[in-house]
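Summary of structural features
Chain by chain, the residues:
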Amino acid sequence: MTRTYWAAGTAVLLALLFAVAATVASASGGDGDGSGTSSRAPGLYSPDAGFARDMAVHHQQAVEMSFIVRDRTKDEPVRSLAYDIANTQANQRGMLLGWLDLWGLPKVVADEPPMSWMGTADQHGGHAGHDMSGHAGQDAGGHAGHDMGGATAKPGALMPGMATKEELAQLGATEGRDAEVLYLQLMTDHHKGGVAMARGCAAQCETPAERALAQGMVEAQQSELTLMADMLKQRGAAPRG
């Protein structure tokens, strides 16, 4: 379990270092030679921008759940995991929002449904830098056209893996082992949705640093999924679904 968690932390650290260096290069006028962000800012509805906006929201809930459980249990392994998830995802969220600022793009787009960016590269030959104002990646029902690997948003949740308001309230009302189990189950669902989203960016985003960060998220969160399954088993529980 220690090796699994070390691998998760290492993957995130490498991705963060890559992203920080690339962000600095971009702010200094990087030329998009593969070591930093592209000199041409991504379009408003590009996978690069859509992933940054959606994953920032997705990460914010992970931070919120992690702070909730830290106050609901004295179990050090769970508290340590929660702290590391909150710290890592808060830092990654800052990078994603920072890129949006560098690109001169808004952090919220009122007419953009969550996950609509997941199909844009498939529909436009992978040119994520274009302003895809037509939302071409969606089908008639407003759903993203990209394969989410089976991850779908549950009723009452904004994006795949995200908890509902009722589930957050339940987490805040539990204590001890019950809080630990529910947190691990909710975060397992959260990571599964996050991995699907990050894979989408790793495949579609054009910004090298953002792709590297997304791939780091995939590797780290998959390792944490293994860790959380072990922690649930130790508590006589299992992931939901």
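A brief look at the structure comes next. These figures come from a predicted structure and were not determined experimentally.

Our next topic: the overall build of the protein chain. Looking only at helices and strands, the protein chain features 7 helices and 0 strands. Of the regular secondary structure in the protein chain, the N- to C-terminal order runs α-α-α-α-α-α-α. For the protein chain, buried positions account for 49% of its 241 residues. Sequence-distant contacts, at least 24 apart, represent 78% of the contacts inside the protein chain between residues at least 6 apart.

What follows deals with the pattern of salt bridges. For the structure shown, the criterion picks out 11 salt bridges. Of the charged contacts in the structure, one is a salt bridge between Lys154 and Glu167, with a shortest N-O distance of 3.1 Å. With Lys154 in the loop between α4 (120–123) and α5 (165–173) and Glu167 in helix α5, the pair connects residues that are 13 residues apart, well separated along the chain. A salt bridge links Glu167 to Arg240, with the shortest nitrogen-to-oxygen separation between them at 3.2 Å. Residue Glu167 is found in helix α5, and its partner Arg240 is found in the segment after α7 (208–234); the two are separated by 73 residues along the sequence. Here Arg240 falls in the partly exposed class, since its relative accessible area comes to 27%. Overlapping salt bridges bring together Lys154, Glu167, Asp189 and Arg240 as one network.

Turning our eyes to something else, we now look at the packing of helix α2 (residues 47–70) against helix α6 (residues 176–204). Direction vectors running N to C along α2 and α6 enclose 165°, while the axes themselves pass 10 Å from each other. Judged by the inter-axis angle, α2 sits roughly antiparallel to α6. Taken as a pair, α2 and α6 cross one another with a handedness that is left-handed. Contact residues: Pro47, Phe51, Asp54, Met55, His58, Gln61, Ala62, Met65, Ser66 and Val69 in α2; Ala179, Tyr183, Leu186, Met187, His190, Gly193, Gly194, Met197, Ala198, Cys201 and Gln204 in α6. When its residues are assigned to classes, the contact of α2 with α6 shows 13 nonpolar, 7 polar and 1 charged.

Moving on: the side chain of Glu180. By the element assignment, Glu180 lies in helix α6. Here Glu180 falls in the buried class, since its relative accessible area comes to 8%. Within the local environment of Glu180, its side chain forms a polar contact with the side chain of Thr73, the two groups lying 2.6 Å apart.

Below, the discussion takes up the nonpolar core. Among soluble globular proteins, nonpolar side chains are generally buried collectively. Counting 27 residues, the largest nonpolar core has Phe51, Met55, Leu96, Leu100, Ala198 and Met217 as its most contacted members. When residues no more than four places from it in sequence are discounted, the contact partners of Leu96 are Phe51, Ala52, Met55, Ala56, Glu210, Leu213 and Met217. Counting 23 residues, the second largest nonpolar core, distinct from the first, contains Leu81, Ala179, Leu182 and Leu232.

According to the stated counting rule, one finds 1 disulfide in the structure shown. Note that Cys201 is cross-linked by a disulfide to Cys205, the S-S spacing being 2.3 Å. Handedness of the Cys201-Cys205 disulfide follows from its S-S torsion of about -125°: it is left-handed. Across the pair, Cys205 and Cys201 agree in class, each one buried.

Calculation criteria
Residues numbered from 1 in each chain as written. Predicted model: local features only at pLDDT ≥ 70, side-chain atom pairs only at ≥ 80, totals over all residues. Heavy atoms only, no water. Helix = DSSP H or I, 4+ residues; strand = E, 2+ residues; numbered from the N terminus. Buried < 20%, exposed > 50% of the residue type's maximum accessible area, 1.4 Å probe, protein only. Contact = heavy atoms within 4.5 Å. Salt bridge = Lys/Arg side-chain N within 4 Å of Asp/Glu carboxyl O. Axes fitted to C-alpha atoms, helices over the stretch in contact; angles between N-to-C directions. Parallel < 35°, antiparallel > 145°, perpendicular 65-115°, else oblique. Left-handed = near helix turned anticlockwise from the far one by under 90°. Nonpolar A, V, L, I, M, F, W, Y, C, P; charged D, E, K, R; others polar. Polar contact = N/O pair within 3.5 Å; in protein donor to acceptor, adjacent residues only side chain to side chain. Core = buried A, V, L, I, M, F, W, Y, C linked by side-chain atoms within 4.5 Å. Disulfide = S-S within 2.5 Å.

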